[in-house]
Amino acid sequence: MKYLFGPVNSRRLGLSLGIDLVPFKTCSLNCIYCECGETTNLTSKIEEYVPVDQVILEIENYLSSNPKLDMITFSGSGEPTLHNGIGHIIDYIKGNFPEYKITVLTNGTLLFIESVRKSILNADIVIPSLDAVSEEMFNKINRPVFGTNPERLVQGLIDFSQQFEGKIILEIFIISELNDDELELKKIRDACLKISPDLIQLNHLDRPGAEDWVESPSEQELKYIKSYLKPLNVEIVGEPSSDISAIIEIKNSEDAVLSTLMRRPSTIQDLSVTLDIRVSELTKIIGNLLASDKIEKERSGRGSFYKLKR
């Protein structure tokens, strides 16, 4: 599959089939914590990055077999709302496969544009990000394309929340010694009260990010921030559930592993749960891919992560 990937064992969404609408690392932000690495095409230009008809054909071929999924998620290795056909694709899924729920993962930077807001109104869940409200911290953490600022981001989120009838889960990525001080947290809380999301998820580094100096907060610190954001509904993002397995047909296990690692670094256990491949078999596949210099290994707090070598 060229535009679909997974299903991925998401920490938040369960067994999620991904739809990737933009070329690798095409994004309006260059976040220091991004698991896909540094943004190579920093842009706010909205266009048809990949052919809509080909994406729909892949979706039709895949969903026609009635796979077991918890979610279909527009995400991948860039910002999905940069694609001008996302609304058409969402409407196609809703019209032809209404049994599946749809989530859009977005950095929220384009929601100040009315046409972008309208394009994702038929989704069931939208998960935008808000990591900082002050200009200095926003630029330090998110490293935006020229012309993007936190004030416009927050206003876009407020406008979207007033239009959207589905569930808004606002993600805040906490980074030690950056956006975890009381001054920044107060600004974030004030903005969240205006946005009024259904849920706030405190995320933190779980796998290697774009910059190796990024540090994850302690569990105690996350609990403090959760309490600080009251009366807002807040939860701390946990690890992947180990009892979820993908029920999918994999014709080529090595290709499936490469396709998954293209979008997100994973441990062998992550891959086993996501792809329903035994750990013993995956160990051999990973060994072959390392030997052929197609992937590389990186240590993190949760173990050894493997990612595509670029």
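Bear in mind that the values here come from a model prediction, so they are computed numbers and not experimental data.

Quick word on the overall build of the chain
Then step 1. Looking only at helices and strands, the chain features 10 helices and 12 strands.
Then step 2. At 19 Å, the chain has a C-alpha radius of gyration in line with the 19 Å of a compact globule built from 310 residues.
Then step 3. Along the first, second and third principal axes, the C-alpha atoms of the chain reach 50 × 40 × 35 Å.
Then step 4. For the chain, the residues scored as buried account for 57% of the 310 residues in total.

What about the nonpolar core?
Then step 1. F74 and I93 are the most contacted members of the largest nonpolar core, which totals 73 residues.
Then step 2. The element contributing the most residues to this core is helix α1 (residues 52–63), with six residues.
Then step 3. Not counting residues up to four positions away in its chain, the partners in contact with F74 are I19, L21, P80, I86, I89, I90, I93, I102, T103, V104 and L105.
Then step 4. Core analysis: the next-biggest nonpolar cluster, separate from the first, contains 15 residues, I285, I286, I295 and Y306 among them.

A closer look at the sheet that holds strand β6 (residues 102–105)
Then step 1. Strand order in the open sheet formed by eight strands is β1-β2-β5-β6-β7-β8-β9-β10, with mixed pairing between adjacent strands. Each having just a single partner strand, β1 (4–10) and β10 (234–236) make up the two edges of the open sheet. With direction set aside, neighbouring strand axes in the sheet form an average angle of 25°.
Then step 2. Two strands pair when backbone bridges link them, and β1 and strand β2 (residues 14–20) are joined in this way by five bridges, in the antiparallel orientation. By the bridge assignment, V8 is partnered in β2 with S16.

Looking at the packing of aromatic side chains
Then step 1. The tally for this structure, following the rule as stated, stands at four aromatic pairs.
Then step 2. Both rings, one in Y92 and one in F97, keep their centres 6.3 Å apart while their planes meet at 65°; by these two values the pair is edge-to-face.
Then step 3. With a relative accessible area of 16%, Y92 lands in the buried category.
Then step 4. Assessed through its relative accessible area of 9%, F97 is described here as buried.
Then step 5. Ring geometry for F160 against F164: centres 4.9 Å apart, planes inclined by 20°, an arrangement best described as stacked. For the pair shown, F160 and F164 are each scored as buried.
Then step 6. Above the plane of the ring of F112 lies R152, whose end atom (NZ or CZ) is 3.9 Å from the centre.

Focus on the pattern of salt bridges
Then step 1. In the structure shown here, the tally under the stated rule is seven salt bridges.
Then step 2. Among the ionic pairs, D124 bridges to K94, the shortest N-O distance being 2.6 Å. Of this pair, D124 sits in the loop between α3 (114–119) and β7 (125–127) while K94 sits in helix α2 (residues 86–96), placing them 30 residues apart in sequence.
Then step 3. With a shortest N-O distance of 3.3 Å, K118 and E114 are connected by a salt bridge. Pair noted here: K118 and E114 are both in helix α3, with a separation of four residues, about one helical turn.
Then step 4. On the basis of relative accessible area, K118 is assigned to the partly exposed category, the value being 49%.

Focus: α2
Then step 1. Where α2 is concerned, the buried positions are I86, G87, I89, I90, Y92 and I93.
Then step 2. Buried residues along α2 sit in contact with β2, α1, β5 (71–75), β6 and α3.

So, how was this worked out
Per chain, the residues get numbers from 1 upward, laid out in the order the sequence is written. Given that the model is predicted, a residue must reach a pLDDT of at least 70 before its local features are reported, and side-chain atom pairs must reach 80 or more before they are shown or counted; all residues, however, enter totals for whole chains, interfaces and linings. Only hydrogens and water are set aside when side-chain values are computed; all heavy atoms of the structure are taken into account. Helix and strand definitions here come from DSSP, where helices need a minimum of 4 consecutive H or I residues and strands a minimum of 2 consecutive E residues; each element is numbered from the N-terminal end. Here the globule rule is a power law, 2.2 Å times the number of residues to the power 0.38, and the radius of gyration is based on C-alpha atoms. For every residue, the accessible area obtained with a 1.4 Å probe (protein chains only) is divided by the maximum for its type, and the residue is called buried under 20%, exposed over 50%, and partly exposed between those limits. Among the buried residues, those of types Ala, Val, Leu, Ile, Met, Phe, Trp, Tyr and Cys that are joined through side-chain atoms within 4.5 Å form a nonpolar core. Contacts were defined at the residue level, with two residues in contact if any of their heavy atoms lie within 4.5 Å. Only when DSSP finds a minimum of two bridges between them are two strands counted as paired. Angles here are taken between N-to-C directions and fall from 0 to 180 degrees, while the axes themselves are lines fitted to C-alpha atoms, restricted in helices to the stretch in contact. Two aromatic rings from Phe, Tyr or Trp, using only the six-membered ring of Trp, form a pair when their centres are within 6.5 Å; if the ring planes differ by under 30 degrees the pair is stacked, by over 60 it is edge-to-face, and anything between is tilted. Here, over-ring charges are defined by two tests on the NZ atom of lysine or the CZ atom of arginine: distance to the ring centre within 6 Å, and angle to the ring normal within 35 degrees. A pair is scored as a salt bridge if a Lys or Arg side-chain nitrogen falls within 4 Å of a carboxyl oxygen belonging to Asp or Glu.

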